[in-house]
Each structure stands twice: as C-alpha cells, then as structure tokens.
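This is what each chain is made of:
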Number of protein chains: 2
Amino acid sequence: MTRKSQKEETQPADQKRPRRRRKEARPAEIVEAGLLEFSEKGFAAARLEDVAARAGIAKGTIYRYFESKEALFEAALLSRVTPMLDGVEAAVDAFPGSSEDLLRLLLTRIYEDMVGSDLHVLLRVIIADGARFPTISEAYYRRILSKGRSLLRRIVERGIARGEFRSGAVADLPMVVVAPALMAAIWRMTFARYESIPPERFLAAHLDLALHGLLERAPRGG
Amino acid sequence: MTRKSQKEETQPADQKRPRRRRKEARPAEIVEAGLLEFSEKGFAAARLEDVAARAGIAKGTIYRYFESKEALFEAALLSRVTPMLDGVEAAVDAFPGSSEDLLRLLLTRIYEDMVGSDLHVLLRVIIADGARFPTISEAYYRRILSKGRSLLRRIVERGIARGEFRSGAVADLPMVVVAPALMAAIWRMTFARYESIPPERFLAAHLDLALHGLLERAPRGG
DNA sequence: ACAGTTGGTGACTCAATAGTCATTATCACG
DNA sequence: CGTGATAATGACTATTGAGTCACCAACTGT
C-alpha cells in the first residue's frame, strides 16, 4: 500500500510526523497514553508499541523516560490516584458535619472517582500482575493503600469519639467498610458484559450496609 | 522438510517413564495438575509444559482431552467450586436455626473454603484474564456466580420473611454482604507479603459489619 | 552557519510458550 | 501371538512483544 498522502494537514495514522524534541512534555504525554492503554487492555496485554503510537512517538522513546513497562505503569497509577486521594483527604479533614454524612461523602466519592471512571481497571493490574511484578503491588501498598487505610481509620475513630459509630470488630479492620466498592469495580470490569449493574445501585446497597453496620443508631431514612 | 527423529537423546539410565494408555484417568489427573499450576502462577503464567510434567505426561497429551488452555481452566475451576457450592447450598437449605446463625455459618464457610484454601487464587484468573478470555468469565458468571447469588438472595429473603433482617437497599443487592470476603481473598494473594492479615480477623470484622448491617435488632454479643 | 549535543527512531534481538502433527508405543482383541 | 486402532509423544511452528542500540536529525550556542 502506498504511504504517500496527498494532504499533509490531515493526520491519518500513516502520516509521518516530523520529529520534535520536547523533553519536558514527553513524560506526561507518555503517562497519559499509558493510562489509556492500561485501562483498555490491562498490564500484560497493553503493548508499548500502542502506547507510543497514542503518544505520537516511537517505542524507543518511551525508554528514554521510563525504565520499563512496570515503571511506566507505576507512574501512570500514581499520577491519577495520588491527587484523587489527596483531594479526598482534604475534604475529610475539613468536614464539619456528622460522621454519617462524612461516610456518605467518602463512599459517594469513591464511586464517582473510582468505579465511575476508567480508573477501576488499574485495580485489575494490581490484582492480576501484582504477584508476578512486585514493583506494582508494592507501590500500591506503600503509596496508596496505606494512605487510604489511615484515612478510613481516622474517619471511624472520629465517629467513635463523637459517639456516632460503634466500636468493635469493624473498627479493628475498617477496610471491610469499603469492600463493596471493590466488588463494584470488579463487577464492572468483569461481568458488566453479562449483566450491567449501575454504580448507583451498588452505592445504595453499600451505604445501607455500611451505615447500619457502623452507626450506633439507625441512619437517617433507614 | 523431513523431521529427523533422532533417538540420540536417550536418557542414560535415567528414569524415563514408560508410556501408558490410560484414557479414563487422564482428564482428572490433568485437571488436578492444572489446578495446582493455575493456583501457583495464575492463568497467563501457568505453562502447559509444567502442567503436563506435573501430570506425568507430555504436553501434547493435554490436547487430546482439552480444547485449549482456557477449556482446561474452566474444567479445573468447576471441578472444585461446584461441589463446594453444592455443599453450602445443602447446608443452607437444611438449616433450622435463626437467620443470624445461618449468615454466620455461610460467611464462616466462605472463609474456610475460599479464603483459607488455595482456591482464592482462581479468583485472580477470573479478574485478570476474564476480560481477554470471555470463556473464563462467562463460565464463572453462568455456572457459579448466578448460583451463589440466588443462594444469598434466598438467605436474605428468609431472614426478612422471619422478621429477622431488615429489608432495604442491601436486600436489593445482597452480594454486597459478601464483599469483605472478596477483599480478604484479594488481600491474601496480593498484599499478604507486605502485611499478613489472618482470615479470622477479616471474618470477625465481616460478621460484625454484615450482622449489624442486616439485622433488625443488634446481634448476639454485639 | 556550523558543529556538537542529545532527543528521537524503528529494525532488530531475544525469550517465551500455545498449539500442531508426524511419528511411535501400547494394548485389546481376534 | 500378531496386528490394527489409537493414546501418547515432543520436536517444531508460529506469534507475540519487551527491550536494545546504532544511527538520525532537531535544536543550541557561538
């Protein structure tokens, strides 16, 4: 097939772009392209060739900025999750209302940011490839999970201190409160093709369970 | 090109197993070997060569009995989970006591059978490779998940009918009740290397959350 | 303008392994 | 026994894609 194109302005895939040296902009662009590819394909199936194509560069260029595929994934993961987590943390710290409302806020945000966006598929990579590529699970554990867990713990302890939440086994392992969101994320990326369950329905059941499970008294409207 | 079948690689006094024709016994042996390999390595990383070695046969023999790697995985999955699920179902159907105790029984068994054994890693395969190999997620959805969900629904409806459980959003999507076990399984196969959390601790928090979340009145000892 | 620096390239190497198939060994049966 | 049907074999094919590197060209400073 011919590789000449009559119009240089149009940019079909086979158009040969001129080289550009853009040291500053590359990393962010590669990370963004990687995020999209990892989201669509998962870690193992994502091809760096495609990441490069999406970023408008050649494969070799990726290696000027990232050690390996794993390093790229880690950068992509952190680039998205860290700001999100910081945002939630700020919102929690400044929250003036009841712990019930705080928990509602937290879970709602989780569904918006995680389950509702394309971010949930990064979870698949951590589960799928975490065992074989410890870099991945370790980064997630150290830089994300630990932060999320301490945040959750703060919320639960706040509720107990204010006499709103029960203490007990849940307070000993607060992450179980968030488990239905994990389930929702897995459902969406694995079984949605057979039976789609809207995030709102998961959120409603989740809130119902979590609030009754934690509150000293029945929640509003429950 | 004629294939030269040089016999020169004779095992010098090595223990070369003699061939045996065992049409009946092979499938079960291959399934068992596959289960072990999939458990250790996951789907993608499990090598059929190793499955064969474990079963004491050559790789090609696997293909006399199974269409593909996916078909083998499906057979392995069903061979283990189906009896387990049937056992739980029988126990639930015959259960005479309160719904609180029934839920305790169910969750305890899940932790024993799933999280506590090596079975939880099959979950990884479903999550990890389900998107790329629909055979896998479909088999799980149709033959296991649907059964498990209807079982759960029966339990919840029984509790509501007996005036023990609340109706509400949780009853609309009962699978959220089981989510912490999913989290426990994922934790164990992904993060246990960094921080091991005993199943009993997960189970305690899980029961605490689920019972308070579902019961009309506070649970025993809670 | 020009040469030196360095970002950018993509053909190539290398490894891994699912699946095939011509060949060989076993065994049931006459 | 002898032999035909077929279970079993494993060398081989085909494919895929991560990572490399010798070369190329866009920029920079003078």
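Placed above this text is the structure.
Residues numbered from 1 in each chain as written. Chains lettered and ligands numbered in written order. Predicted model: local features only at pLDDT ≥ 70, side-chain atom pairs only at ≥ 80, totals over all residues.

### Digging into the overall build of chain A
- Broken down by element type, chain A carries 10 helices and 0 strands.
- Scanning chain A from its N terminus toward the C terminus, one meets helices and strands in the order α-α-α-α-α-α-α-α-α-α.
- Computed over its C-alpha atoms, the radius of gyration of chain A comes to 21 Å, more than 25% above the 17 Å expected for a compact globule of 222 residues.
- In chain A, which comprises 222 residues, the share counted as buried stands at 39%. (Helix = DSSP H or I, 4+ residues; strand = E, 2+ residues; numbered from the N terminus. Rg over C-alpha atoms; globule rule 2.2 N^0.38 Å. Buried ≥ 20, exposed ≤ 12 C-beta atoms within 10 Å, placed from the backbone.)

### Quick word on the protein's contact with DNA strand C
- Every one of the 27 residues lining DNA strand C counts as a neighbour, but A:Ile57, A:Ala58, A:Gly60, B:Leu48 and B:Gly60 are closest to it.
- Counting only elements with at least two residues in the surface near DNA strand C, the list comes to helix H3 (59-65) of chain A together with helix H2 (48-55) and helix H3 (59-65) of chain B.
- The element contributing the most residues to the surface near DNA strand C is H3(A), with 4 residues.
- When the residues that make up the surface near DNA strand C are grouped by side-chain class, the tally is 6 nonpolar, 5 polar and 16 charged. (Near = placed C-beta within 6 Å. Nonpolar A, V, L, I, M, F, W, Y, C, P; charged D, E, K, R; others polar.)

### Digging into the protein's contact with DNA strand D
- Around DNA strand D sit 29 residues, and of these A:Gly60, B:Ile57, B:Ala58, B:Gly60 and B:Thr61 come closest.
- Of all the secondary-structure elements, those providing two or more residues to the surface near DNA strand D are helix H2 (48-55) and H3 of chain A together with H3 of chain B.
- Tallying contributions element by element places H3(B) first for the surface near DNA strand D, with 4 residues.
- Counted by class, the surface near DNA strand D contains 7 nonpolar, 4 polar and 18 charged residues.

### Some points on the relation of the copies chain B and chain A
- You can overlay chain B on chain A at an RMSD of 0.1 Å; the transform is a turn of 180° with a shift of 0.0 Å along its axis. In short, the pair behaves as if placed about a two-fold rotation axis.
- Residue by residue, 100% of the interface of chain B is reproduced at the interface of chain A, so both copies engage with the same surface. (Least-squares fit on C-alpha atoms with pLDDT ≥ 70 in both. Contact = placed C-beta atoms within 7 Å.)

### Thoughts on the interface of chain B and chain A
- Contacts between chain B and chain A engage 40 residues on the former and 40 residues on the latter.
- If you list the elements that add at least two residues to the side of chain B that touches chain A, you get helix H6 (120-129), helix H7 (134-161), helix H8 (169-172), helix H9 (179-190) and helix H10 (199-214) of chain B.
- A total of 9 residues in the side of chain B that touches chain A trace back to one element, the largest contributor, which is H10(B).
- The residue inventory of the side of chain B that touches chain A, partitioned by class, reads 25 nonpolar, 9 polar and 6 charged.

### Quick notes on the packing of helix H10 (residues 199-214) of chain A against H10(B)
- Interaxial distance between H10(A) and H10(B) falls to 7 Å at its minimum, and their mutual angle equals 100°. With respect to H10(B), the axis of H10(A) lies roughly perpendicular. The residues of H10(B) that touch H10(A), namely those facing A:Leu209, A:His212 and A:Gly213, are B:Leu209, B:His212 and B:Gly213.
- A class-by-class count of the residues in the contact of H10(A) with H10(B) yields 2 nonpolar, 4 polar and no charged. (Axes fitted to C-alpha atoms, helices over the stretch in contact; angles between N-to-C directions. Parallel < 35°, antiparallel > 145°, perpendicular 65-115°, else oblique.)

### Observations regarding helix H4 (residues 69-93) of chain B
Residues and elements named next belong to chain B.
- The terminal C-alpha atoms of H4 lie 36 Å apart, and with 25 residues this matches the ideal 36 Å at 1.5 Å per residue to within 8%.
- A maximum bend of about 25° is found in H4 at Leu78.
- Taken as a whole, H4 has its buried residues at Lys69, Leu72, Phe73, Glu74, Ala75, Ala76 and Leu77.
- Residues of H4 that are buried in the fold lie against helix H1 (26-41), H2, H3, H6 and H7. (Expected span 1.5 Å × (residues − 1). Bend = angle between axes of the 7 residues up to and from the residue.)

### Thoughts on the nonpolar core
- Counting 126 residues, the largest nonpolar core has A:Ala181, A:Leu182, A:Met183, B:Ala181, B:Leu182 and B:Met183 as the members making the most contacts within it.
- In contact with A:Met183, not counting residues within four places along its chain, are B:Met175, B:Val176, B:Ala179 and B:Leu182. (Core = buried A, V, L, I, M, F, W, Y, C linked by C-beta atoms within 7 Å.)

### Describing the environment of B:Arg20
All names here are of chain B.
- The topology assignment puts Arg20 in the segment before H1.
- Given 9 C-beta atoms within 10 Å, Arg20 falls into the exposed group.
- In this structure, the C-alpha to C-alpha distance between Arg20 and Ile57, residues 37 residues apart in sequence, is 9.3 Å.

### Remarks on the packing of helix H6 (residues 120-129) of chain A against helix H7 (residues 134-161) of chain A
Residue and element names in this part refer to chain A.
- Direction vectors running N to C along H6 and H7 enclose 125°, while the axes themselves pass 8 Å from each other. Here H6 lies oblique to H7, going by the angle between them. Crossing of H6 against H7: the hand is left-handed. Note on element contacts: H7 touches H6 through Ile136, Ser137 and Tyr140, opposite Val125, Ile126 and Asp129.
- Across the contact of H6 with H7, the residue classes tally to 4 nonpolar, 1 polar and 1 charged. (Left-handed = near helix turned anticlockwise from the far one by under 90°.)

### Section: the environment of B:Pro199
- With respect to the element layout, B:Pro199 can be found in helix H10.
- Taking the number of C-beta atoms within 10 Å as the measure of exposure, B:Pro199 has 21 and is therefore buried.

### Here's the deal with the environment of B:Ala185
Residues and elements named next belong to chain B.
- Relative to the helices and strands, Ala185 is located in helix H9.
- For the pair Ala185 and Phe43, spaced 142 residues apart in sequence, the C-alpha separation works out to 17 Å.
- Excluding residues that lie within four positions of it along the chain, Ala185 makes contacts with Met114, Val115, His120 and Leu123.

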